[in-house]
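A look at the structure
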Amino acid sequence: MAETETKEIPDKPSIVVCGDTFNIPANKDLTVGPGLVFRNNAITCTKPGVIKSNDKSVWIDRNNRRYVPVLEERVVGIIIGRVMDEYRIDIGGAHVAMMSSIAFEGATQRNKPELKPGNVVFARVIAANKDVEPELACVNKKGKANGLQVLEGGHIIQCSLGLCRKLRQHKSPLTQPLLNHFKSFELCVGMNGRIWVRSDTNKHTVAISIYLKQCEHLSVSDAVMSLRHTVKALG
Amino acid sequence: MLATLENSIRVRPISSELSILGNCDGSARVKQGNSSVLVGIWGPIEVKQSKEDPEKCVIETTVKAATGQGSPLDKMYEEALNQTCEQIVITSAHPRTCIQVIVQIESEDGAIVAVMKNALCLALMDAGIPMRSMFAGVSCVQQENGELLWDPTADEEEESTAKYTFVYENSKNNAIYVHCTGESTIEQYMLALQKSRQVAMEVFGFYRESFEKLLRKDVKFQMLLPPIIKGEIIDEPE
């Protein structure tokens with residue numbers, strides 16, 4: 001039974017499929033990231049995608065739709081219920097996430113926000129073990145909110161995980177056109193494929209939502225053109 | 001794909017479409033000749049407590065025939081697909097969850113189990129479910145004159161004396177699933193097993209091409225990947 005040959009991790013991003021194996025590089029310590037496993041003294045791909053590497057790590061980039069909770073990621077969650085002192089939150093993963101009712105900045109048992117099913121929160125994942133439900137919190141390690149909060153009003157759209165990562169990039173080319181077109185709006189992008197949008201008028205919110213959904217499949221220039229059409233059409 | 005196989009092996013043209021179902025986490029349609037199968041996958045998703053497994057993820061497969069209501073044959077197909085899934089999918093990565101697989105046979109013209117396996121593999125990869133390797137289904141029949149025929153049509157399957165379905169995986173190129181019916185000698189079986197590996201390797205090459213095309217179409221990756229310089233440029237990045 002012939003073994004498929006192992007090769008070196010490519011320098012430039014290239015396409016790999018499941019089962020492709022790579023040698024462990026001798027000269028540097030690499031962290032093996034999502035989509036790869038360390039097995040039998042070699043690195044094997046478990047997902048198809050684009051393999052990328054830098055000095056410290058190697059990982060596979062792929063645009064998937066289903067979210068798997070990862071520690072310290074920021075997610076947009078929707079409250080679906082309450083069990084004693086904890087909220088049950090839907091973050092789009094396999095399990096329903098839990099969040100303590102006092103996991104907000106400055107909250108105590110007597111003074112805490114009362115959330116109902118349907119409320120939206122922007123929280124960070126504080127526990128993401130594969131065996132148990134993930135846990136969220138609306139505070140960072142030092143007890144400050146730092147942007148994590150309950151999101152009032154607005155509109156949530158669902159998209160793929162890859163689009164969310166692109167939007168969260170610093171000075172992302174996808175969000176620049178929005179700054180040019182709209183005076184004021186708020187965007188909250190969760191790593192779980194959910195984007196929360198709010199702006200002055202409903203028409204603007206709709207236009208932004210359509211634009212973001214189209215960024216999935218159109219190039220930035222085409223999406224901007226369609227944004228102009230949408231804004232004109234909505235008046 | 002046909003050029004690199006031995007002269008004695010003829011397979012029908014294979015085509016695939018990936019990510020076609022908008023609601024699914026992963027989907028694929030594979031056509032080999034007139035046999036066509038569509039697979040939709042959701043996962044890892046929530047599972048009922050009665051069905052959940054604390055150590056691994058549960059794979060629920062449903063096969064729907066092209067026409068008519070369900071029959072025990074569909075259950076047999078479900079079992080066959082489940083077996084391969086359990087071996088290949090890294091189920092321990094997502095305990096207490098479920099991966100739901102829905103297989104719709106769109107048209108049947110021979111080699112249907114092999115086509116189902118191929119569509120299943122592509123759909124699992126499209127969904128990003130962690131897999132140890134890829135797998136490819138190959139169907140082979142023994143005709144009355146003793147000759148082996150690959151990727152048979154329904155008529156060729158009817159007239160055959162023995163039918164084989166093999167599934168190979170690509171990390172060590174081993175066979176992981178074998179289903180035989182009919183009468184044949186051990187030598188014929190070994191010959192079929194050995195030559196089917198070649199066909200499986202071709203199918204793996206086809207999977208690779210399918211994903212290359214899919215990833216190059218994704219606008220988010222277009223800037224990254226170098227253009228394909230082959231005889232025929234399929235998609236040029238802008």
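Check the entry above for the structure.
Only a predicted model underlies this, so the values are computations on that prediction, with no experimental measurement involved. (Residues numbered from 1 in each chain as written. Chains lettered and ligands numbered in written order. Predicted model: local features only at pLDDT ≥ 70, side-chain atom pairs only at ≥ 80, totals over all residues. Heavy atoms only, no water.)

Another point: the overall build of chain A. On a plain count of helices and strands, chain A comes out with four helices and 16 strands. Expressed as a percentage of its 235 residues, the buried residues of chain A come to 46%. Once local pairs closer than 6 in sequence are excluded, the contacts in chain A between residues at least 24 apart make up 59%. Surface summary for chain A: the accessible area is close to 12,400 Å², and the carbon and sulfur share equals 51%. Charge separation in chain A, taken as the distance between the mean sites of 32 positive and 23 negative side-chain charges, equals 7 Å. (Helix = DSSP H or I, 4+ residues; strand = E, 2+ residues; numbered from the N terminus. Buried < 20%, exposed > 50% of the residue type's maximum accessible area, 1.4 Å probe, protein only. Contact = heavy atoms within 4.5 Å. Areas by Shrake-Rupley, 256 points an atom, 1.4 Å probe, with all protein chains shown as cover. Lys, Arg positive; Asp, Glu negative; His and termini not counted. Charge placed at Lys NZ, Arg CZ, Asp CG, Glu CD.)

In this section: the nonpolar core. Grouped together as the largest cluster of nonpolar side chains are 62 residues, with contacts concentrated most on Ile-41 and Tyr-207 of chain B. Take this core: its biggest share by element is 12 residues, from helix H2 (residues 112–127) of chain B. Beyond its immediate chain neighbours, meaning those up to four positions away, Tyr-207 of chain B contacts Lys-117, Asn-118, Cys-121, Leu-122, Met-125, Met-134, Phe-135 and Ala-136 of chain B. Residues Tyr-87, Ile-91, Leu-151 and Leu-161 of chain A belong to the second largest nonpolar core, which totals 29 residues. (Core = buried A, V, L, I, M, F, W, Y, C linked by side-chain atoms within 4.5 Å.)

The next point concerns the interface of chain A and chain B. Listed by partner, the interface residues are 44 residues for chain A and 45 residues for chain B. Each partner contributes to the roughly 3,500 Å² buried at the junction of chain A and chain B, and carbon and sulfur atoms together form 56% of this total. Between the two partners, chain A and chain B, sit four salt bridges. The partner of Arg-62 of chain A in a salt bridge is Asp-126 of chain B, and the shortest N-O contact between them spans 3.0 Å. Linking chain A with chain B are 11 residue pairs in polar contact (both at pLDDT 80 or more). Its residues placed into classes, the side of chain A that touches chain B shows 16 nonpolar, 14 polar and 14 charged. (Buried area = accessible area lost by both parts, 1.4 Å probe. Salt bridge = Lys/Arg side-chain N within 4 Å of Asp/Glu carboxyl O. Polar contact = N/O pair within 3.5 Å; in protein donor to acceptor, adjacent residues only side chain to side chain. Nonpolar A, V, L, I, M, F, W, Y, C, P; charged D, E, K, R; others polar.)

Once that is clear, we can look at the packing of helix H3 (residues 202–215) of chain A against helix H4 (residues 220–234) of chain A. Angle between the axes and distance between the axes are the two parameters that describe a pair of packed helices. Residues and elements named next belong to chain A. Interaxial distance between H3 and H4 falls to 9 Å at its minimum, and their mutual angle equals 155°. If you check the angle between H3 and H4, you find them roughly antiparallel. The way H3 lies across H4 gives a crossing that is right-handed. Along its contact with H3, which presents Lys-203, Val-206, Ala-207, Ile-210, Tyr-211, Gln-214 and Cys-215, the element H4 presents Ala-223, Val-224, Ser-226, Leu-227, Thr-230, Val-231 and Leu-234. Split by residue class, the contact of H3 with H4 holds 10 nonpolar, three polar and one charged. (Axes fitted to C-alpha atoms, helices over the stretch in contact; angles between N-to-C directions. Parallel < 35°, antiparallel > 145°, perpendicular 65-115°, else oblique. Left-handed = near helix turned anticlockwise from the far one by under 90°.)

Moving on: a nonpolar patch on the surface. Residue and element names in this part refer to chain A. Taken together, Ile-24, Val-32 and Phe-38 make up a surface patch of nonpolar side chains, about 260 Å² in accessible area. Inspection of the secondary structure puts Val-32 in strand S3 (residues 31–32). By relative accessible area, Val-32 is classed as partly exposed at 30%. (Patch = residues over 30% accessible without salt bridge, like charges linked within 9 Å, V, L, I, M, F, W, Y side chains within 5 Å.)

Turning to a negative patch on the surface, a few remarks are in order. All names here are of chain B. Residues Glu-144, Asp-155, Glu-158 and Glu-159 make up a contiguous surface patch of negative charge. Relative to the helices and strands, Glu-144 is located in the loop between strand S6 (135–142) and strand S7 (148–150). By relative accessible area, Glu-144 is classed as exposed at 68%.

Moving on, we come to H4 of chain A. Residue and element names in this part refer to chain A. With 15 residues, H4 should cover 21 Å at 1.5 Å per step; its first-to-last C-alpha distance of 21 Å lies within 8% of that length. Along H4, the residues that are buried comprise Ala-223, Val-224, Ser-226, Leu-227 and Thr-230. Seen along its axis, H4 keeps its buried residues to an arc of 165°; they face one direction. Across from the buried face of H4, at angles greater than 90 degrees, the exposed residues are Ser-221, His-229, Lys-232 and Ala-233. Against the buried residues of H4 lie helix H2 (176–181) and H3. Backbone geometry just downstream of H4 places Gly-235 in the positive-phi region, at approximately 85°. (Expected span 1.5 Å × (residues − 1). Arc of directions from axis to C-beta.)

Turning our eyes to something else, we now look at the pairing of strand S4 (residues 58–64) of chain B. Residue and element names in this part refer to chain B. Pairing of S4 with strand S5 (residues 98–107), which is carried by seven bridges, proceeds in the parallel orientation. Within the sheet, the bridge partner assigned to Val-63 lies in S5 and is Val-103. Handedness of the crossover joining S4 and S5 through helix H1 (residues 72–88) is recorded here as left-handed. (Pairing = 2+ DSSP bridges. Right-handed = clockwise from strand over helix to strand, strands pointing away.)

These results come straight from atomic positions and should not be treated as a statement about function.
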